[in-house]
Amino acid sequence: MPPVHCFTSFTFSYLPRAMVLAQTLRAAHPDWVFWALLVDKSPPGYDFVIPDNLFDHVVYFSDLGCDRFLGWLFKHDIVEACTAVKGQMLRELLDKGATKVVYIDPDIAIFEPLHRIVELLDRHSVVLTPHQTEPDEAPGAIRDNEIASLNYGTYNLGFIAVKNDEVGRKFADWWARRLYLACYDDLPNGIFTDQKWCNLVPGLFDNVYIERDPGCNLASWNLSTRRITIHRDGRILVNGSPLKFYHFTKINSAGDIMTDKYARDNTQVYEVWNWYKRALKANNIDGIPPGYWHYGEFSNGVKIPRAARLLFRVREDLRQHFEDPFEADGNSLYNWIVREQPNLLGN
Amino acid sequence: MDYFPIIERIRAANLFDDNFYFQQRVSAGIHDFDSPLTQIEHYLTEGYKHLLDPCAELSTRSYLDMYPDVAAARSNPLIHHIMQDIREVGASDIALAIQDNGDASELEVMRPEFSVAYYLARNTDVADAGLDPLRHYYYTGWREGRNPNREFDTQYYLRANEDVRIADIHPFWHYLVAGRAEGRKARPGGGFRRQIIDGAREPERRTADYVRSSEIPLSTAVLTRLLVSGFKDKTGFVVSVSHDCYTAVVGGTQILISDEQKLFNSDGYGYLHLSPKDPRLTLAGEDRLFMVRLILDGELLGVAPLDAVRDILGKELASPGRSIVFVVHCILGFYPPDLCELWSMLKPGYSYYWLHDYSSVCEGMQLLRNDVEFCGAPPATSLACRVCVYGSARASYLASLQKLFEHCAFEVISPSQATLDLWRRISDLPHQSVHVHPHWTLKPKPAKRLGKGIPVRTDKVSIAFVGRTSPAKGWPIYAELAAALDGDSRYELYHFVDKGEASLPGLQLIETAVTPSDRDATSRLLREHGIDIVALLSPWPETFSFVAHEALLAGAQLVCLEDSGNVAALVSKTERGVVLPTPEAVIDFFTSGAAVARLARSRAAQRYDVIQSGATASLVHAGS
């Protein structure tokens, strides 16, 4: 049986998360081929070596042949960029002949093998997991969960599985082109990164399966209707189903608050949550500055404000003129901003 | 976000000028025509961070210079100005007038739900200074992270509610007038279990700050002389190991070892006890200079390398015909291959491994997953072990234990049948034989001495917790119980504990100290204070529990959990107490009055005699 290909997309600041994903994926699926897609360049002085061969392949997005790469990337902040590349990478892996491809966010950890997902791809072309699979009742939970999904997307694109058949390839091509077009955090225009586009997938494509297993994609946005139990035989169940993968979104920040808000007295959730925090600490890597992202700065080290990205996004003339908008010297976008729009830099 | 009350007061004090503020934003280049925030909302959330001023008369920068604590807390100076105690701030007359009115109203909102008793009990500095507790909390206590009652966690509320924190609104007042109705939570979820889980640490981190001893080791010559003379003319000798020094640390296992040593000595055996010089809660790594502390027949010899001790014992003492006994009371702190070498050198006629705890199964010797719940010792590769602080090293730990047990051919001794039954289910370590050998056996006194004629008491039911405030002993459950019974006239709550140990306000604190020379201290004090019920709430399978036996000796009944191992077994056997499934059921047992009803039926005390076993010494004696 040909191996399943799996990839994740991240920057160096998320490398510890990606390593925990890789370790837990290796434990569950030692036979899968795991790809790391880095939307970044190594921090100065940091020599990136694949830790313990956790990844089978490391690909830098800059090497993926994206059209007008730098100008396109500049339009995106870090979250937008890491999600915008997923479609192109999916298409690339299918083009290379992978029969089944799974994308998993770096802040996910795998607990049980995903055999059922693999089997689903025998019969379906695309498998998606919704943020919620049971209705909420409390007004606050409806706001935090269901209304949030109306805004940000029904399906969580921390996970998607695609089969290399006609529909799967059509989906991958459509998704890659849409994400090249607009993978932005732009709620007023109905767009939220790669995720909200996928609201259209069950309508646009045949043979899409919506996986509603509560053990899949457990996260703060569905904790209100899911309960973890840890059993004396060593299993961890979610509403009675084995925990497959947990999405530790925004851990050590807003995720802590939302988890507390919806786990409440389901204390086993905190046991799993705290384990992930310990795992991140154990995988911490010296040499990566906090919040580092190569494409977060101009070449002179000045942080690129979001306003500059938004301006570049809407100004075709600037995009035509400045092929490398990250460059700060000479006839550069940076110097143009200093001259014409200094307020964008906070000056 | 509800800024309304604050904004209303700022407007009333005429302390904000919209046009003045907007011009500053334009000049600073931080205006945003699409922002949904009003000018004053922008100042309250963002503008003050840019040191913009709310009006021409007030300077944000000057205010922060004047009040560095406000600057350090990144608080909004205008809100601070409006909310502050008038003596501290010295604000304008109009602001003072508004503030007085506002303070009075907000204080009255808080007053019904503010617990003066709770606040004073936990903030003795406030009590000592004679300050009004509500006003103290209102003005400064909340900024210092103090809580107004046991239900509201000030720091949590600010952490969980960014809008309240940013707007610098009093968190308790916000909760009472708005947050509670909006479904916001007063404290973190998970109760006492959450606190235990969040406090759980990997075993190597728990001992990382132990002070390392700097004692000078004994020279080989001195050590040889001491051991040779110590064992001279002895019919045999015992080498026992455990995780700490039994003459320096007081506890059940340590007292047991002391008894064992004395009995062996009285049988003509020399008794050498080895413990790691620097105790730890994990196995030690390979270290050719590994140092042990030596106690010979109850006297401290000093510290020496284990290698040297082993060589001396092997060369000088192990002669044919001499009875040699090797006893492992606890493996933690040792490097198992070292003990294999020691065993090989001794070639003991008897080798015992005691199940005082479950360190033969996991470094988490109480089998409490993340210190919170009995785990059942699932496979080391299980997900439950993955998420446990003791789980990551368990597979290699068990591999080490396997080699030790294969090498040493132990007879496994369990202090209770319940422990042995569990151990056989969860461990497949090789062994020669297994024995149940209780430290104490309680023998009921004849019925005619059962206190016949003692009238049924109708006064308060007295409940006691015995021991340190450890989660493994169920202290957090007892603390929950104490809170639930606060003000309940049916009960009196006690805490029996060594001098200097922590406790809780509101409990009757009884200092007790069991030592080898005063073994009856706890049971005697329990009886003297007329304790009806000992709440022995260990959430793990206790292997023996002296406290349970002491409680029964004192005539008390036991309340325990299903997972408490030999405690639950003891209750079932003696019918002196109740076994309950969960901590919640324990609390319900008392709050519902079931405890009172039970005591009304059987308050007269059953009396027992205690038969002490003498631990390993009696086993060897019986076998010889």
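Each value, and the rule that gives it
- Going along each chain's sequence as written, the residues are numbered from 1 onward.
- Here every chain gets a letter starting at A, and every ligand a number starting at 1, in the order they are written.
- Only residues with pLDDT of 70 or above have their local features reported here, since the model is predicted, and side-chain atom pairs are shown and tallied only from 80 upward, although totals for entire chains, interfaces and linings are computed over all residues.
- Heavy atoms throughout the structure, all of them, feed into the side-chain values; hydrogens and water do not.
- Secondary structure elements are taken from DSSP: a helix is a run of H or I of four residues or more, a strand is a run of E of two residues or more, and numbering for both begins at the N terminus.
- Using C-alpha atoms as the atom set, the radius of gyration is obtained and then compared with a globule rule of 2.2 Å times the number of residues to the power 0.38.
- For every residue, the accessible area (1.4 Å probe, protein chains only) is compared with the maximum for its type, and the residue is labelled buried under 20%, exposed over 50%, or partly exposed between those bounds.
- Note on contacts: a residue pair qualifies if any of its non-hydrogen atoms lie within 4.5 Å across the two residues.
- Charged-residue counts in this description rest on Lys and Arg as positive and Asp and Glu as negative, His and the chain ends being excluded.
- For this purpose, a charge sits on NZ of Lys, CZ of Arg, CG of Asp or CD of Glu.
- Note on areas: Shrake-Rupley with a 1.4 Å probe; residue coverage comes only from the protein chains shown.
- Simply put, the buried area is the total loss of 1.4 Å probe accessible area from both parts when two parts are fitted together.
- For salt bridges, the criterion is a side-chain nitrogen of Lys or Arg within 4 Å of an Asp or Glu carboxyl oxygen.
- Each polar contact in these results corresponds to two N or O atoms within 3.5 Å; when the atoms are within protein, one needs to be able to donate a hydrogen and the other to accept it, and residues that are neighboring in sequence are counted only if both atoms are side-chain atoms.
- Polar here means any residue outside two lists: the nonpolar Ala, Val, Leu, Ile, Met, Phe, Trp, Tyr, Cys and Pro, and the charged Asp, Glu, Lys and Arg; Gly therefore counts as polar.
- Joining through side-chain atoms within 4.5 Å is the link that ties buried Ala, Val, Leu, Ile, Met, Phe, Trp, Tyr and Cys residues into a set, and such a set is a nonpolar core.
- Delimitation of the domains relies on an automatic or database domain assignment.
- Aromatic rings from Phe, Tyr and Trp, with only the six-membered ring used for Trp, were paired whenever their centres fell within 6.5 Å, and each pair was classed as stacked if the ring planes differed by under 30 degrees, edge-to-face if by over 60, and tilted otherwise.
- In our convention, an over-ring charge means Lys NZ or Arg CZ found within 6 Å of a ring centre and within 35 degrees of that ring's normal.
- Paired strands, as defined in this entry, are two strands with at least two bridges between them according to DSSP.
- Handedness of a crossover: with both strands directed away from the viewer, a clockwise path from the first strand across the helix to the second marks it as right-handed.
- The length a helix should cover is 1.5 Å for every residue beyond the first.
- An arc is given here, and it is the one of the directions from the helix axis to the C-beta atoms.

**What to know about the overall build of chain B**
- For chain B, the count of helices and strands is 30 helices and 18 strands.
- By the compact-globule yardstick of 25 Å for 624 residues, chain B is too spread out, its C-alpha radius of gyration being 32 Å.
- Across its three principal directions, the C-alpha atoms of chain B cover 105 × 65 × 45 Å.
- Here chain B holds 624 residues, and the buried ones make up 54% of them.
- Taking as baseline every contact in chain B between residues at least 6 positions apart, the subset at least 24 positions apart corresponds to 67%.
- The distance from the centre of the 63 positive side-chain charges to the centre of the 78 negative ones in chain B is 8 Å.

**Considering the overall build of chain A**
- Broken down by element type, chain A carries 13 helices and 14 strands.
- Oriented by its inertia axes, the alpha-carbon framework of chain A measures out at about 65 × 45 × 45 Å.
- Taken over 347 residues, chain A has a buried fraction of 59%.
- Of the contacts formed within chain A by residues at least 6 apart in sequence, a portion of 74% connects residues at least 24 apart.
- For chain A, the exposed area adds up to about 14300 Å²; of that, 51% sits on carbon and sulfur atoms.
- Between the mean site of the 37 positive side-chain charges and the mean site of the 44 negative ones, chain A shows a separation of 3 Å.

**Concerning the interface of chain B and chain A**
- Taken residue by residue, the interface counts 32 residues in chain B and 25 residues in chain A.
- Roughly 2400 Å² is buried in total at the junction of chain B and chain A, and carbon and sulfur atoms are behind 51% of that figure.
- There are 4 salt bridges connecting chain B and chain A.
- Here Asp563(B) makes a salt bridge to Arg232(A), at a shortest N to O gap of 2.5 Å.
- Scanning the region where chain B abuts chain A turns up 15 residue pairs in polar contact (both at pLDDT 80 or more).
- Top contributing element to the side of chain B that touches chain A by residue count: helix H15 (residues 191-199) of chain B, with 5 residues.
- Of the residues that constitute the side of chain B that touches chain A, the class distribution is 14 nonpolar, 7 polar and 11 charged.

**Quick notes on the pattern of salt bridges**
- The full count for this structure, using the stated rule, is 51 salt bridges over all chains.
- The shortest N-O distance in the salt bridge between Arg339(A) and Glu340(A) comes to 3.5 Å.
- For Glu340(A), a relative accessible area of 45% gives the class partly exposed.
- A salt bridge links Arg369(B) to Glu373(B); its shortest N-O distance comes to 2.7 Å.
- Three or more residues are tied together by salt bridges with common partners; here these are Arg288(B), Asp307(B), Arg310(B), Asp311(B), Asp338(B) and Glu341(B).

**Describing the nonpolar core**
- Membership of the largest hydrophobic core comes to 66 residues, with the highest contact counts inside it found for Leu274(B) and Leu313(B).
- Examining the composition of this core, we find that 6 residues originate from one element, helix H19 (residues 306-317) of chain B, more than from any other.
- Judged by nonpolar contacts, the second largest core, of 61 residues, contains Val33(A), Leu37(A), Ala182(A) and Tyr334(A).

**Topic: the domain arrangement of chain B**
- For chain B, the domain assignment lists domain 1 (4-179), domain 2 (220-441) and domain 3 (447-606).
- A straight line from the C-alpha centre of domain 1 of chain B to that of domain 2 of chain B covers 60 Å.

**Here's the deal with the packing of aromatic side chains**
- Inspection of the entire model under this criterion finds 59 aromatic pairs over all chains.
- Between Tyr43(B) and Tyr48(B) the ring centres are 6.4 Å apart and the planes differ by 65 degrees, which places this aromatic pair in the edge-to-face class.
- Summarising the aromatic geometry, the rings of Phe465(B) and Trp475(B) are spaced 5.1 Å apart at their centres and angled 75 degrees between planes, so their arrangement reads as edge-to-face. Residue Phe465(B) is located in strand S12 (residues 461-466), and its partner Trp475(B) is located in helix H24 (residues 475-484); the two are separated by 10 residues in the primary sequence. In this structure, Phe465(B) and Trp475(B) share a single accessibility class: buried.
- Joined through ring pairs, the aromatic side chains of Phe61(A), Phe69(A), Trp72(A), Phe74(A), Tyr180(A), Trp293(A), Tyr295(A), Phe298(A), Phe312(A), Phe326(A) and Tyr334(A) make up one cluster.
- Against the face of Phe74(A) rests Arg309(A), its NZ or CZ located 5.4 Å from the ring centre.
- Cation over ring: Arg194(B) sits above Tyr270(A), and NZ or CZ is 3.7 Å from the ring centre.

**Comments concerning the pairing of strand S2 (residues 269-276) of chain B**
All names here are of chain B.
- Within S2, 8 of the 8 residues are buried, leaving the element largely enclosed by the surrounding structure.
- What you see with S2 is no split at all: Tyr-269, Tyr-271, His-273 and Ser-275 on one side and Gly-270, Leu-272, Leu-274 and Pro-276 on the other are buried throughout.
- When strand S1 (residues 236-241) meets S2, the two strands line up parallel, connected through 6 bridges. Each residue of the ladder has a partner; that of Gly-236, found in S2, is Tyr-269.
- Handedness of the S1-helix H18 (residues 252-266)-S2 crossover: right-handed.
- Relative to strand S3 (residues 291-296), S2 runs antiparallel, the two sharing 5 bridges. Across the sheet, His-273 pairs through a bridge with Ile-295, a residue of S3.

**A closer look at helix H17 (residues 220-231) of chain B**
Residue and element names in this part refer to chain B.
- Taking 1.5 Å per residue as the helical rise, H17 with its 12 residues ought to reach 16 Å, and the 16 Å between its terminal C-alpha atoms agrees with that figure.
- Listed as buried for H17 are Leu-223, Thr-224, Leu-227, Gly-230 and Phe-231. Looking straight down H17, one finds that the buried residues subtend no more than 145 degrees of arc, so they occupy a single side. Exposed side chains of H17 directed beyond 90 degrees from the buried face belong to Ala-221 and Arg-225.
- Where the residues of H17 are buried, they touch S1, S2, S3, strand S4 (299-305) and H19.

**Regarding the domain arrangement of chain A**
Residue and element names in this part refer to chain A.
- Taken domain by domain, chain A comprises domain 1 (5-215) and domain 2 (297-345).
- Here domain 1 and domain 2 have C-alpha centroids that lie 29 Å from each other.
- Taken together, the 11 residues of domain 1 in the interface contact 14 residues of domain 2.
- Buried area between domain 1 and domain 2, both sides added, is near 1100 Å², and the carbon and sulfur share of it is 61%.
- Inspection of the region where domain 1 meets domain 2 yields 3 salt bridges.
- When residues of the side of domain 1 that touches domain 2 are assigned to their parent elements, the largest contribution, 4 residues, is made by helix H2 (residues 69-74).
- By residue class, the composition of the side of domain 1 that touches domain 2 is 4 nonpolar, 2 polar and 5 charged.

**What to know about the sheet that holds strand S11 (residues 228-230) of chain A**
Residues and elements named next belong to chain A.
- Spatially, 3 strands are ordered S11-S12-S13 in an open sheet, and the strand pairing comes out antiparallel. Two strands lie at the open edges of the sheet, namely S11 and strand S13 (241-242), each paired on one side alone.
- Looking at chain direction, S11 and strand S12 (residues 236-238) are connected through 3 bridges and run antiparallel. Looking at S12, one finds that Ile-230 is bridged to Ile-236.

**Thoughts on the environment of Arg310(B)**
Residues and elements named next belong to chain B.
- Inspection of the secondary structure puts Arg-310 in helix H19.
- Sequence spacing of Arg-310 and Lys-234 is 76 residues, and the spatial spacing of their C-alpha atoms is 19 Å.
- Other than its neighbours up to four places away in sequence, Arg-310 contacts Arg-288, Glu-341, Leu-342 and Met-345.
- At 3.3 Å, the side chain of Arg-310 forms a polar contact with the side chain of Asp-307.

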